[in-house]
Amino acid sequence: MTPIQQLLLGVGAKKKTYVDDVFSTYLYKGNASTLSINNGLNLSGEGGMTWIKARSNGTYVPHLYDTVRGAGKALYSSHTSAESTSSTKLTAFNSNGFSLGAESDVNDSGHTYASWTFRKAPGFFDVVTYTGNGTAGRTV
């Protein structure tokens, strides 16, 4: 095969990463039971983060879950509590999205929700951890 043929066929070329490969906005309606969100992102194999926000109930705070801390470990972006652990909210990271339990903050019957999922990818998104030492003014 000539170099021109290889170029036209993409032989030896790097696989391109598109935004659909690493990011998803997914809207869903809660059912107060278990719910699988299939957004096409491999979180269990590649890692990443999901941010969930109720659209139809303003009292439910946004929840952020990442694969480093694990399913069930929520961070809050607009609440006095920094984090919580629950087995009834985000219950698993899957090869095609994530699973939810019956907790109303993320899956209340009749309420609508938005989720934004970021899959780990070089040059796009990563999850990092930091353990502080009690000294103010640190840069991460």
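Residues numbered from 1 in each chain as written. Predicted model: local features only at pLDDT ≥ 70, side-chain atom pairs only at ≥ 80, totals over all residues. Heavy atoms only, no water.

## Brief notes about the overall build of the protein chain
Spelled out, the test is: Numbered from the N terminus, helices here are DSSP runs of H or I no shorter than four residues, and strands are runs of E no shorter than two. Radius of gyration here is computed from C-alpha atoms only, and the compact-globule reference equals 2.2 Å multiplied by the residue count raised to the power 0.38. Exposed residues in this analysis have more than 50% of their type's maximum accessible area, buried residues have under 20%, and partly exposed residues fall in between, with area computed by a 1.4 Å probe over protein chains only. Reported accessibility uses the Shrake-Rupley method at a 1.4 Å probe radius. Residues are deemed covered only where the shown protein chains occlude them. By the counting rule applied here, Lys and Arg register as positive and Asp and Glu as negative, while His and the ends of each chain are not counted. Every charge is mapped to an atom, namely NZ of Lys, CZ of Arg, CG of Asp or CD of Glu.
If you tally the helices and strands in the protein chain, you get four helices and nine strands. The order of α-helices and β-strands along the protein chain, N terminus first, is α-α-β-β-α-β-β-β-β-β-β-α-β. Here the C-alpha radius of gyration of the protein chain, 19 Å, is well above what a compact globule of 140 residues would show, namely 14 Å. With the C-alpha coordinates of the protein chain rotated into their principal frame, the extents come out at 60 × 45 × 20 Å. Taken across its 140 residues, the protein chain has 36% of its residues classed as buried. Carbon and sulfur atoms make up 53% of the accessible area of the protein chain, which amounts to about 8,500 Å² in all. Positive and negative side-chain charges in the protein chain, numbering 12 and 9 respectively, have mean positions lying 5 Å apart.

## A few points about the pairing of strand 2 (residues 35-38)
The criterion, for reference: Pairing between two strands is assigned when DSSP locates at least 2 bridges connecting them.
Going residue by residue along strand 2, you find Leu35 and Ile37 tucked away on one face and Ser36 and Asn38 left uncovered on the opposite face. Both strand 2 and strand 8 (residues 97-100) contribute to a ladder of four bridges, which runs antiparallel. Across the sheet, isoleucine 37 pairs through a bridge with phenylalanine 98, a residue of strand 8.

## Quick notes on the pairing of strand 7 (residues 90-94)
Here four bridges tie strand 7 to strand 8, and the two strands are oriented antiparallel to one another. Residue pairing across strands places asparagine 94 opposite glycine 97, the latter belonging to strand 8. Counted along the chain from strand 7 to the antiparallel partner strand 8, the turn is two residues long.

## Some thoughts on the environment of proline 3
Within the secondary structure, proline 3 sits in helix 1 (residues 3-9). The sequence separation of proline 3 and alanine 114 amounts to 111 residues, and the corresponding C-alpha distance is 47 Å.

## Comments concerning a nonpolar patch on the surface
Stated formally: Put simply, a patch holds well-exposed residues, over 30% relative accessible area, that have no salt bridge, with like charges counted together within 9 Å and Val, Leu, Ile, Met, Phe, Trp or Tyr side chains within 5 Å. We define a salt bridge as a side-chain nitrogen of Lys or Arg found within 4 Å of a carboxyl oxygen belonging to Asp or Glu.
On the surface, a cluster of nonpolar side chains totalling about 350 Å² of accessible area is made up of Val128, Tyr130 and Val140. Residue tyrosine 130 is classed as partly exposed on the basis of its relative accessible area of 45%.

## Quick word on the sheet that holds strand 8
Spelled out, the test is: A fitted line through C-alpha atoms serves as each axis, taken over the contacting stretch for helices, and the angle formed by two N-to-C directions is quoted from 0 to 180°.
Spatially, three strands are ordered 2-8-7 in an open sheet, and the strand pairing comes out antiparallel. With one partner strand each, in any of the chains shown, strand 2 and strand 7 form the two edges of the open sheet. Here the average twist between neighbouring strands, direction ignored, is 20°.

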